[in-house]
Amino acid sequence: MSQVTANAPLRAGVVGLGWAGQQHMAGYDALGGVELVGLAGMEEHLLAELGSRYDVPGRYTSLEAMLAEANLDVLSIATPTALHAPMAIAALGAGVHVLCEKPMAPTAADAERMAEAAQAADRALEITFNKRHRAPARTLHRLVADGVLGRVYYAKAGWVRRKGIPGLGTWFTRKESAGGGPMMDIGIHALDLALHVLGEPGVRTVSASTYAEFGPRGLGGGSYGVGARTAGDTAVYEVEDLGTALLRLDNDATLMLEASWAQFVDHDRFYLELFGTEGGARIEVEGPDAPQIHVTTDVDGIPANLVPDMLPDAGHEANVADFVELVRGGSGSHGEVGLLRTHVIDACYASADQGREVTL
Ligand SMILES: NC(=O)c1ccc[n+]([C@@H]2O[C@H](COP(=O)([O-])OP(=O)(O)OC[C@H]3O[C@@H](n4cnc5c(N)ncnc54)[C@H](O)[C@@H]3O)[C@@H](O)[C@H]2O)c1
(Lines give C-alpha, C1' and ligand atoms only; values in the text may rest on other atoms or scores of the structure.)
Protein backbone atom coordinates (compact mmCIF):
# COMPACT_ATOMS: atom_id res chain seq x y z
CA MET A 1 0.00 0.00 0.00
CA SER A 2 1.51 3.33 -1.02
CA GLN A 3 1.48 6.32 1.35
CA VAL A 4 0.80 9.86 0.15
CA THR A 5 3.62 12.12 1.30
CA ALA A 6 3.86 15.86 0.87
CA ASN A 7 6.70 15.96 -1.66
CA ALA A 8 6.46 12.73 -3.64
CA PRO A 9 4.45 12.87 -6.88
CA LEU A 10 1.07 11.16 -6.65
CA ARG A 11 0.90 7.97 -8.71
CA ALA A 12 -2.38 8.04 -10.66
CA GLY A 13 -4.19 5.40 -12.68
CA VAL A 14 -7.34 5.47 -14.82
CA VAL A 15 -9.55 2.47 -15.56
CA GLY A 16 -11.87 2.98 -18.55
CA LEU A 17 -10.62 4.37 -21.83
CA GLY A 18 -13.81 5.95 -23.24
CA TRP A 19 -14.71 9.64 -23.32
CA ALA A 20 -15.06 9.85 -19.56
CA GLY A 21 -11.75 8.11 -18.79
CA GLN A 22 -9.98 10.35 -21.28
CA GLN A 23 -11.19 13.46 -19.41
CA HIS A 24 -9.58 12.13 -16.24
CA MET A 25 -6.31 11.37 -18.08
CA ALA A 26 -6.18 14.94 -19.41
CA GLY A 27 -6.96 16.21 -15.90
CA TYR A 28 -4.06 14.35 -14.27
CA ASP A 29 -1.74 15.19 -17.16
CA ALA A 30 -2.38 18.91 -16.66
CA LEU A 31 -1.43 18.83 -12.97
CA GLY A 32 2.03 19.25 -11.47
CA GLY A 33 3.03 16.75 -8.79
CA VAL A 34 1.04 13.91 -10.34
CA GLU A 35 2.35 11.08 -12.52
CA LEU A 36 -0.08 9.16 -14.67
CA VAL A 37 1.48 5.72 -14.25
CA GLY A 38 -1.26 3.28 -15.29
CA LEU A 39 -4.16 2.91 -17.73
CA ALA A 40 -6.54 -0.05 -17.84
CA GLY A 41 -9.22 -0.98 -20.31
CA MET A 42 -10.24 -3.59 -22.80
CA GLU A 43 -9.44 -1.81 -26.10
CA GLU A 44 -5.82 -2.61 -27.00
CA HIS A 45 -5.68 0.16 -29.62
CA LEU A 46 -6.79 2.78 -27.06
CA LEU A 47 -4.29 1.50 -24.51
CA ALA A 48 -1.53 1.99 -27.11
CA GLU A 49 -2.80 5.35 -28.40
CA LEU A 50 -3.61 6.93 -25.02
CA GLY A 51 -0.60 5.32 -23.36
CA SER A 52 1.72 7.03 -25.82
CA ARG A 53 -0.24 10.33 -25.87
CA TYR A 54 0.15 10.67 -22.08
CA ASP A 55 3.45 8.78 -21.86
CA VAL A 56 2.04 6.21 -19.43
CA PRO A 57 4.35 3.27 -18.70
CA GLY A 58 1.77 0.83 -17.27
CA ARG A 59 -0.91 -0.43 -19.68
CA TYR A 60 -3.25 -3.14 -18.43
CA THR A 61 -6.28 -5.05 -19.62
CA SER A 62 -7.67 -5.44 -16.11
CA LEU A 63 -7.93 -3.34 -12.97
CA GLU A 64 -6.61 -6.27 -10.93
CA ALA A 65 -3.33 -6.24 -12.87
CA MET A 66 -2.99 -2.47 -12.53
CA LEU A 67 -3.63 -2.59 -8.77
CA ALA A 68 -1.12 -5.42 -8.37
CA GLU A 69 1.67 -3.78 -10.34
CA ALA A 70 1.33 0.01 -10.58
CA ASN A 71 1.59 0.98 -6.88
CA LEU A 72 -1.15 3.60 -7.27
CA ASP A 73 -2.00 6.39 -4.85
CA VAL A 74 -5.13 7.48 -6.72
CA LEU A 75 -7.43 5.83 -9.23
CA SER A 76 -10.12 7.25 -11.52
CA ILE A 77 -12.90 4.84 -12.42
CA ALA A 78 -14.66 5.48 -15.75
CA THR A 79 -16.13 2.10 -16.63
CA PRO A 80 -19.75 0.96 -17.16
CA THR A 81 -21.73 1.97 -14.08
CA ALA A 82 -22.27 -1.53 -12.66
CA LEU A 83 -18.49 -1.90 -12.36
CA HIS A 84 -18.05 1.21 -10.20
CA ALA A 85 -18.82 -0.53 -6.89
CA PRO A 86 -16.67 -3.66 -7.31
CA MET A 87 -13.78 -1.64 -8.75
CA ALA A 88 -13.94 1.11 -6.11
CA ILE A 89 -14.16 -1.43 -3.29
CA ALA A 90 -11.15 -3.35 -4.67
CA ALA A 91 -9.08 -0.18 -5.04
CA LEU A 92 -10.02 1.26 -1.63
CA GLY A 93 -9.21 -2.12 -0.07
CA ALA A 94 -5.77 -1.86 -1.67
CA GLY A 95 -5.28 1.55 -0.01
CA VAL A 96 -5.93 3.64 -3.14
CA HIS A 97 -7.96 6.89 -3.11
CA VAL A 98 -10.78 6.78 -5.68
CA LEU A 99 -12.36 9.36 -7.97
CA CYS A 100 -15.34 7.63 -9.55
CA GLU A 101 -17.50 8.73 -12.45
CA LYS A 102 -21.16 9.53 -11.96
CA PRO A 103 -23.52 7.87 -11.31
CA MET A 104 -21.84 6.46 -8.21
CA ALA A 105 -23.55 3.07 -8.65
CA PRO A 106 -26.70 1.54 -10.14
CA THR A 107 -28.32 1.22 -6.69
CA ALA A 108 -28.07 3.01 -3.38
CA ALA A 109 -27.15 -0.33 -1.76
CA ASP A 110 -24.04 -0.54 -3.99
CA ALA A 111 -23.21 3.09 -3.27
CA GLU A 112 -23.52 2.42 0.49
CA ARG A 113 -21.01 -0.41 0.17
CA MET A 114 -18.59 1.92 -1.61
CA ALA A 115 -18.91 4.59 1.08
CA GLU A 116 -18.40 1.97 3.80
CA ALA A 117 -15.29 0.67 2.05
CA ALA A 118 -13.87 4.21 1.91
CA GLN A 119 -14.55 4.70 5.63
CA ALA A 120 -13.03 1.34 6.52
CA ALA A 121 -9.91 1.97 4.43
CA ASP A 122 -9.65 5.62 5.52
CA ARG A 123 -9.26 6.65 1.88
CA ALA A 124 -10.98 9.41 -0.10
CA LEU A 125 -13.88 8.56 -2.38
CA GLU A 126 -15.29 11.30 -4.61
CA ILE A 127 -17.84 11.24 -7.41
CA THR A 128 -17.34 13.31 -10.58
CA PHE A 129 -20.08 15.93 -10.93
CA ASN A 130 -18.31 17.94 -13.59
CA LYS A 131 -21.32 20.00 -14.76
CA ARG A 132 -21.11 22.09 -11.59
CA HIS A 133 -17.99 23.66 -13.04
CA ARG A 134 -19.59 24.96 -16.22
CA ALA A 135 -19.59 28.75 -16.47
CA PRO A 136 -23.35 29.37 -16.04
CA ALA A 137 -23.52 26.86 -13.17
CA ARG A 138 -20.65 28.46 -11.27
CA THR A 139 -22.13 31.90 -11.81
CA LEU A 140 -25.61 30.92 -10.63
CA HIS A 141 -24.17 29.13 -7.60
CA ARG A 142 -22.46 32.35 -6.58
CA LEU A 143 -25.56 34.51 -7.13
CA VAL A 144 -27.73 32.17 -5.04
CA ALA A 145 -25.11 31.92 -2.27
CA ASP A 146 -24.92 35.73 -2.19
CA GLY A 147 -28.72 35.94 -1.76
CA VAL A 148 -29.40 37.74 -5.06
CA LEU A 149 -32.56 35.65 -5.66
CA GLY A 150 -33.72 35.78 -2.04
CA ARG A 151 -35.29 32.53 -0.80
CA VAL A 152 -35.59 30.11 -3.71
CA TYR A 153 -38.83 28.14 -3.32
CA TYR A 154 -39.27 26.60 -6.77
CA ALA A 155 -36.78 25.06 -9.18
CA LYS A 156 -36.93 23.22 -12.48
CA ALA A 157 -33.97 21.20 -13.71
CA GLY A 158 -33.61 18.93 -16.65
CA TRP A 159 -31.57 17.49 -19.44
CA VAL A 160 -33.68 16.59 -22.45
CA ARG A 161 -32.64 15.30 -25.86
CA ARG A 162 -34.46 14.80 -29.14
CA LYS A 163 -32.37 11.81 -30.26
CA GLY A 164 -29.61 11.14 -27.79
CA ILE A 165 -29.75 7.55 -26.57
CA PRO A 166 -26.08 6.68 -25.94
CA GLY A 167 -24.77 3.44 -27.40
CA LEU A 168 -28.15 1.89 -28.21
CA GLY A 169 -27.74 -1.84 -27.58
CA THR A 170 -24.49 -1.49 -25.58
CA TRP A 171 -24.06 -1.47 -21.79
CA PHE A 172 -25.74 1.96 -21.68
CA THR A 173 -29.21 0.54 -22.47
CA ARG A 174 -29.01 -2.63 -20.37
CA LYS A 175 -30.48 -2.51 -16.89
CA GLU A 176 -27.83 -4.73 -15.33
CA SER A 177 -24.83 -2.72 -16.54
CA ALA A 178 -26.25 0.84 -16.52
CA GLY A 179 -28.75 0.60 -13.66
CA GLY A 180 -31.19 2.88 -15.50
CA GLY A 181 -31.71 5.20 -18.44
CA PRO A 182 -31.54 9.01 -18.67
CA MET A 183 -32.67 9.60 -15.07
CA MET A 184 -29.60 7.65 -13.93
CA ASP A 185 -27.27 8.93 -16.65
CA ILE A 186 -28.01 12.64 -17.13
CA GLY A 187 -30.88 13.32 -14.72
CA ILE A 188 -28.31 12.83 -11.97
CA HIS A 189 -26.30 15.77 -13.38
CA ALA A 190 -29.43 17.96 -13.34
CA LEU A 191 -30.30 16.78 -9.82
CA ASP A 192 -26.78 17.39 -8.57
CA LEU A 193 -26.60 20.83 -10.12
CA ALA A 194 -29.94 21.90 -8.64
CA LEU A 195 -29.17 20.68 -5.11
CA HIS A 196 -25.62 22.06 -5.24
CA VAL A 197 -26.80 25.51 -6.39
CA LEU A 198 -29.63 25.49 -3.82
CA GLY A 199 -27.13 24.91 -0.99
CA GLU A 200 -27.71 21.17 -0.41
CA PRO A 201 -31.27 20.97 0.91
CA GLY A 202 -32.34 17.42 1.75
CA VAL A 203 -34.91 15.64 -0.40
CA ARG A 204 -38.02 14.64 1.56
CA THR A 205 -40.22 12.93 -1.03
CA VAL A 206 -40.14 11.95 -4.69
CA SER A 207 -42.99 11.29 -7.10
CA ALA A 208 -41.71 10.05 -10.45
CA SER A 209 -42.78 8.44 -13.71
CA THR A 210 -40.73 6.75 -16.39
CA TYR A 211 -41.48 5.96 -20.04
CA ALA A 212 -39.73 3.93 -22.75
CA GLU A 213 -41.31 5.03 -26.02
CA PHE A 214 -38.41 5.18 -28.48
CA GLY A 215 -35.57 2.88 -27.36
CA PRO A 216 -37.61 -0.34 -27.46
CA ARG A 217 -38.51 0.48 -31.09
CA GLY A 218 -34.83 0.98 -31.96
CA LEU A 219 -35.43 4.73 -32.35
CA GLY A 220 -33.82 7.76 -30.75
CA GLY A 221 -30.19 6.63 -30.95
CA GLY A 222 -27.52 9.34 -30.72
CA SER A 223 -23.87 9.37 -31.69
CA TYR A 224 -22.45 9.13 -28.13
CA GLY A 225 -21.23 5.77 -26.92
CA VAL A 226 -21.43 3.93 -30.21
CA GLY A 227 -17.72 3.09 -29.79
CA ALA A 228 -18.76 0.90 -26.87
CA ARG A 229 -20.57 -1.53 -29.21
CA THR A 230 -19.14 -5.01 -29.39
CA ALA A 231 -19.84 -7.74 -31.92
CA GLY A 232 -22.38 -9.46 -29.64
CA ASP A 233 -24.49 -6.34 -29.03
CA THR A 234 -28.04 -6.35 -30.34
CA ALA A 235 -30.63 -3.61 -29.96
CA VAL A 236 -31.40 -4.53 -26.34
CA TYR A 237 -33.29 -1.71 -24.62
CA GLU A 238 -34.23 -2.34 -20.98
CA VAL A 239 -34.32 1.14 -19.42
CA GLU A 240 -36.52 4.26 -19.61
CA ASP A 241 -36.00 6.95 -22.25
CA LEU A 242 -37.83 9.65 -20.26
CA GLY A 243 -38.03 10.17 -16.52
CA THR A 244 -39.94 12.94 -14.73
CA ALA A 245 -40.06 13.66 -11.01
CA LEU A 246 -41.47 16.10 -8.48
CA LEU A 247 -39.23 16.42 -5.43
CA ARG A 248 -40.27 18.04 -2.15
CA LEU A 249 -37.20 19.47 -0.39
CA ASP A 250 -36.72 19.85 3.34
CA ASN A 251 -36.62 23.66 3.02
CA ASP A 252 -40.19 23.41 1.63
CA ALA A 253 -39.01 24.20 -1.90
CA THR A 254 -40.18 22.13 -4.88
CA LEU A 255 -37.89 20.77 -7.57
CA MET A 256 -39.26 19.50 -10.88
CA LEU A 257 -36.79 17.19 -12.58
CA GLU A 258 -36.87 15.74 -16.09
CA ALA A 259 -34.38 13.71 -18.08
CA SER A 260 -34.74 12.21 -21.53
CA TRP A 261 -32.53 10.56 -24.08
CA ALA A 262 -35.25 10.68 -26.71
CA GLN A 263 -38.30 12.95 -26.78
CA PHE A 264 -40.05 15.24 -29.26
CA VAL A 265 -38.43 18.43 -27.95
CA ASP A 266 -37.56 21.15 -30.45
CA HIS A 267 -33.95 21.23 -29.27
CA ASP A 268 -31.70 19.54 -26.71
CA ARG A 269 -31.35 21.36 -23.38
CA PHE A 270 -29.61 20.98 -20.05
CA TYR A 271 -31.05 23.75 -17.93
CA LEU A 272 -31.79 24.96 -14.42
CA GLU A 273 -34.49 27.53 -13.63
CA LEU A 274 -34.88 29.04 -10.17
CA PHE A 275 -37.68 31.16 -8.73
CA GLY A 276 -36.98 33.11 -5.54
CA THR A 277 -38.51 35.85 -3.43
CA GLU A 278 -36.18 38.53 -4.86
CA GLY A 279 -35.46 37.21 -8.33
CA GLY A 280 -35.52 34.37 -10.79
CA ALA A 281 -32.79 32.88 -12.96
CA ARG A 282 -32.36 30.53 -15.89
CA ILE A 283 -29.17 28.88 -17.04
CA GLU A 284 -28.55 26.82 -20.15
CA VAL A 285 -25.67 24.44 -19.50
CA GLU A 286 -25.66 22.20 -22.61
CA GLY A 287 -27.39 22.39 -25.99
CA PRO A 288 -27.52 24.93 -28.80
CA ASP A 289 -28.59 27.73 -26.41
CA ALA A 290 -25.71 27.13 -23.98
CA PRO A 291 -23.90 28.71 -22.25
CA GLN A 292 -26.36 31.32 -21.01
CA ILE A 293 -27.52 32.91 -17.78
CA HIS A 294 -30.47 35.28 -17.28
CA VAL A 295 -31.61 36.88 -14.06
CA THR A 296 -35.10 38.37 -13.68
CA THR A 297 -35.59 40.83 -10.86
CA ASP A 298 -36.84 44.31 -10.00
CA VAL A 299 -34.34 47.16 -10.06
CA ASP A 300 -35.71 50.05 -8.02
CA GLY A 301 -39.19 48.62 -8.55
CA ILE A 302 -38.74 48.33 -12.31
CA PRO A 303 -38.85 44.83 -13.86
CA ALA A 304 -35.41 44.02 -15.22
CA ASN A 305 -33.89 41.15 -17.20
CA LEU A 306 -30.18 40.97 -16.53
CA VAL A 307 -27.45 39.04 -18.32
CA PRO A 308 -24.56 38.74 -15.89
CA ASP A 309 -21.01 38.09 -17.08
CA MET A 310 -20.13 34.47 -16.41
CA LEU A 311 -17.36 33.09 -14.22
CA PRO A 312 -14.71 31.02 -16.10
CA ASP A 313 -15.79 27.68 -17.56
CA ALA A 314 -14.29 24.36 -16.47
CA GLY A 315 -15.02 20.65 -16.58
CA HIS A 316 -13.46 17.38 -15.48
CA GLU A 317 -10.05 19.00 -14.98
CA ALA A 318 -11.53 20.92 -12.04
CA ASN A 319 -12.89 17.70 -10.47
CA VAL A 320 -9.52 16.00 -10.86
CA ALA A 321 -7.68 19.01 -9.39
CA ASP A 322 -10.11 19.22 -6.44
CA PHE A 323 -9.72 15.49 -5.80
CA VAL A 324 -5.91 15.66 -5.84
CA GLU A 325 -6.03 18.59 -3.43
CA LEU A 326 -8.37 16.63 -1.17
CA VAL A 327 -6.01 13.64 -1.15
CA ARG A 328 -2.98 15.83 -0.50
CA GLY A 329 -4.82 17.68 2.26
CA GLY A 330 -5.74 14.38 3.91
CA SER A 331 -9.37 15.41 4.42
CA GLY A 332 -11.90 12.64 4.60
CA SER A 333 -14.56 12.46 1.89
CA HIS A 334 -16.26 9.10 1.60
CA GLY A 335 -18.64 9.58 -1.28
CA GLU A 336 -21.29 11.32 0.86
CA VAL A 337 -22.68 13.57 -1.88
CA GLY A 338 -22.70 10.82 -4.51
CA LEU A 339 -24.54 8.61 -2.05
CA LEU A 340 -27.22 11.24 -1.42
CA ARG A 341 -27.76 11.61 -5.17
CA THR A 342 -27.96 7.84 -5.66
CA HIS A 343 -30.62 7.56 -2.94
CA VAL A 344 -32.75 10.13 -4.77
CA ILE A 345 -32.40 8.37 -8.13
CA ASP A 346 -33.22 5.05 -6.41
CA ALA A 347 -36.36 6.69 -4.97
CA CYS A 348 -37.34 7.98 -8.42
CA TYR A 349 -37.26 4.45 -9.86
CA ALA A 350 -39.08 3.05 -6.82
CA SER A 351 -41.77 5.74 -7.13
CA ALA A 352 -42.19 5.08 -10.86
CA ASP A 353 -42.38 1.31 -10.29
CA GLN A 354 -44.91 1.63 -7.46
CA GLY A 355 -46.93 4.48 -9.00
CA ARG A 356 -46.86 6.56 -5.80
CA GLU A 357 -44.88 9.13 -3.86
CA VAL A 358 -41.86 7.75 -2.00
CA THR A 359 -40.43 9.20 1.22
CA LEU A 360 -36.65 9.22 1.63
N1 LIG B 1 -19.27 12.96 -16.02
C2 LIG B 1 -19.63 12.92 -17.28
O3 LIG B 1 -19.91 13.96 -17.91
C4 LIG B 1 -19.69 11.60 -17.98
C5 LIG B 1 -19.78 11.55 -19.38
C6 LIG B 1 -19.81 10.31 -19.98
C7 LIG B 1 -19.78 9.15 -19.21
N8 LIG B 1 -19.72 9.23 -17.86
C9 LIG B 1 -19.70 8.02 -17.03
O10 LIG B 1 -18.43 7.39 -17.18
C11 LIG B 1 -18.57 5.97 -17.20
C12 LIG B 1 -17.99 5.44 -18.51
O13 LIG B 1 -18.67 6.04 -19.58
P14 LIG B 1 -18.03 6.12 -21.08
O15 LIG B 1 -19.01 6.86 -21.88
O16 LIG B 1 -16.62 6.58 -21.02
O17 LIG B 1 -18.09 4.55 -21.45
P18 LIG B 1 -17.38 3.72 -22.61
O19 LIG B 1 -18.22 2.54 -22.88
O20 LIG B 1 -17.02 4.63 -23.76
O21 LIG B 1 -15.99 3.27 -21.96
C22 LIG B 1 -15.99 2.29 -20.95
C23 LIG B 1 -14.56 1.80 -20.74
O24 LIG B 1 -14.58 0.85 -19.66
C25 LIG B 1 -13.73 -0.23 -20.02
N26 LIG B 1 -14.13 -1.46 -19.32
C27 LIG B 1 -15.32 -2.11 -19.40
N28 LIG B 1 -15.28 -3.24 -18.65
C29 LIG B 1 -14.03 -3.27 -18.09
C30 LIG B 1 -13.38 -4.19 -17.22
N31 LIG B 1 -13.99 -5.28 -16.75
N32 LIG B 1 -12.10 -3.91 -16.87
C33 LIG B 1 -11.46 -2.81 -17.32
N34 LIG B 1 -12.04 -1.92 -18.15
C35 LIG B 1 -13.30 -2.14 -18.53
C36 LIG B 1 -13.92 -0.38 -21.51
O37 LIG B 1 -12.84 -1.12 -22.04
C38 LIG B 1 -13.94 1.09 -21.94
O39 LIG B 1 -12.61 1.53 -22.14
C40 LIG B 1 -20.05 5.69 -17.00
O41 LIG B 1 -20.34 5.44 -15.65
C42 LIG B 1 -20.73 6.99 -17.44
O43 LIG B 1 -21.96 7.22 -16.78
C44 LIG B 1 -19.66 10.43 -17.24
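Residues numbered from 1 in each chain as written. Predicted model: local features only at pLDDT ≥ 70, side-chain atom pairs only at ≥ 80, totals over all residues. Heavy atoms only, no water.

### A word on the overall build of the chain
Helix and strand counts for the chain come out as ten helices and 15 strands. In summary, the chain has a C-alpha radius of gyration of 20 Å against a globular reference of 21 Å for 360 residues, a match within 12%. Dimensions along the principal axes, computed over C-alpha positions, put the chain at roughly 65 × 50 × 35 Å. Burial statistics for the chain: of 360 residues in total, 52% are counted as buried. Long-range pairs, those at least 24 residues apart, make up 73% of the contacts in the chain with a sequence separation of at least 6. With an accessible surface of roughly 15400 Å², the chain has 51% of that area assigned to carbon and sulfur atoms. Side chains of the chain give 27 positive and 46 negative charges; the mean places of these two sets differ by 3 Å. (Helix = DSSP H or I, 4+ residues; strand = E, 2+ residues; numbered from the N terminus. Rg over C-alpha atoms; globule rule 2.2 N^0.38 Å. Buried < 20%, exposed > 50% of the residue type's maximum accessible area, 1.4 Å probe, protein only. Contact = heavy atoms within 4.5 Å. Areas by Shrake-Rupley, 256 points an atom, 1.4 Å probe, with all protein chains shown as cover. Lys, Arg positive; Asp, Glu negative; His and termini not counted. Charge placed at Lys NZ, Arg CZ, Asp CG, Glu CD.)

### Digging into the nonpolar core
A general feature of soluble globular proteins is that nonpolar side chains tend to end up buried together. In this structure, Leu140, Leu247 and Leu274 are the most contacted members of the largest nonpolar core, which totals 80 residues. In terms of residue count, the dominant contributor to this core is helix H8 (residues 182-197) (ten residues). Of the residues that make up this core, three or more belong to each of domain 1 (10-129 + 316-333) and domain 2 (135-313). Every residue in contact with Leu274, bar those within four places of it in the chain, is listed here: Leu140, Val144, Leu149, Val152, Tyr154, Ala155, Val197, Leu198, Gly280 and Ala281. Core analysis: the second largest hydrophobic core is formed by 22 residues, Leu10, Val34, Ala124 and Phe323 among them. (Core = buried A, V, L, I, M, F, W, Y, C linked by side-chain atoms within 4.5 Å. Domains from an automatic or database assignment.)

### Side note on the pairing of strand S2 (residues 34-40)
The buried fraction of S2 is high, at six of seven residues. Pairing geometry for strand S1 (residues 10-15) and S2, over six bridges, is parallel. Each bridged residue has a counterpart across the sheet, and for Val14 the counterpart in S2 is Leu39. Once the chain exits S1 it traverses helix H1 (residues 19-29) before rejoining the sheet at S2, and the crossover so formed is right-handed. Here three bridges tie S2 to strand S3 (residues 58-60), and the two strands are oriented parallel to one another. Bridge pairing links Gly38 to Gly58 in S3. A crossover links S2 with its parallel partner S3, the connecting element being helix H2 (residues 44-53), and its sense is right-handed. (Pairing = 2+ DSSP bridges. Right-handed = clockwise from strand over helix to strand, strands pointing away.)

### Focus: the site of the ligand
In the neighbourhood of the ligand, 27 residues make up the surrounding shell, with Leu17, Glu43, Asn130, Trp171 and Tyr224 lying closest. Contact distances for the ligand include 2.8 Å between an oxygen atom and a side-chain N or O atom of Glu43. At 2.6 Å from an oxygen atom of the ligand is found a side-chain nitrogen or oxygen belonging to Tyr224. If you list the elements that add at least two residues to the shell around the ligand, you get H1, helix H4 (84-93) and H8. When the residues that make up the shell around the ligand are grouped by side-chain class, the tally is 14 nonpolar, nine polar and four charged. When residues of the shell around the ligand are sorted by domain, at least three fall in each of domain 1 (10-129 + 316-333) and domain 2 (135-313). (Near = heavy atom within 4 Å. Polar contact = N/O pair within 3.5 Å; in protein donor to acceptor, adjacent residues only side chain to side chain. Nonpolar A, V, L, I, M, F, W, Y, C, P; charged D, E, K, R; others polar.)

### Re the environment of Ala253
One can find Ala253 in the loop between strand S9 (242-249) and strand S10 (254-260). Residue Ala253 is classed as buried on the basis of its relative accessible area of 5%. Here the alpha-carbon distance between Ala253 and Ala137, two residues 116 residues apart in the chain, equals 19 Å. Residues within four places of Ala253 in sequence aside, it is in contact with Val152, Tyr153, Leu247 and Arg248.

### Observations concerning the pairing of S9
Bridge count between strand S8 (residues 203-211) and S9: eight bridges; the pairing is antiparallel. Pairing of Tyr211 across the sheet is with Leu242, part of S9. In the sheet, S9 pairs with S10 via seven bridges, with the strands oriented antiparallel. Considered in S10, the bridge of Leu246 is made with Met256. Hairpin connection between S9 and S10: a loop of four residues separates the two successive antiparallel strands, and Asp252 in this loop has a positive phi of roughly 70 degrees.

### Let's talk about the domain arrangement of the chain
Looking at the assigned domains, one finds that the chain contains domain 1 (10-129 + 316-333) and domain 2 (135-313). Every contact between the two is made by twelve residues of domain 1 and, on the other side, twelve residues of domain 2. Note on domain 1 versus domain 2: buried area summed over both sides is about 960 Å², and carbon and sulfur give 65% of it. Linking domain 1 with domain 2 are one salt bridge. The closest approach of N and O atoms between Lys102 and Asp185, which form a salt bridge, is 3.0 Å. Our enumeration of links across domain 1 and domain 2 arrives at three residue pairs in polar contact (both at pLDDT 80 or more). (Buried area = accessible area lost by both parts, 1.4 Å probe. Salt bridge = Lys/Arg side-chain N within 4 Å of Asp/Glu carboxyl O.)

### Observations regarding the sheet that holds strand S15 (residues 358-359)
One open sheet holds the nine strands; their spatial order is S14-S13-S12-S11-S7-S10-S9-S8-S15, and the pairing between them is mixed. Strands with a single pairing partner mark the edges of an open sheet, and in this sheet they are strand S14 (302-306) and S15. Bridge count for strand S12 (residues 279-286) against strand S13 (residues 292-299) is six bridges, and the pairing is antiparallel. From the neighbouring strand, Ile283 faces S13, where its bridge partner is Ile293. Of the strands in this sheet, strand S7 (152-160), S8, S9, S10, strand S11 (269-276) and S12 touch H8, which is tilted by about 150 degrees from S10. (Axes fitted to C-alpha atoms, helices over the stretch in contact; angles between N-to-C directions.)

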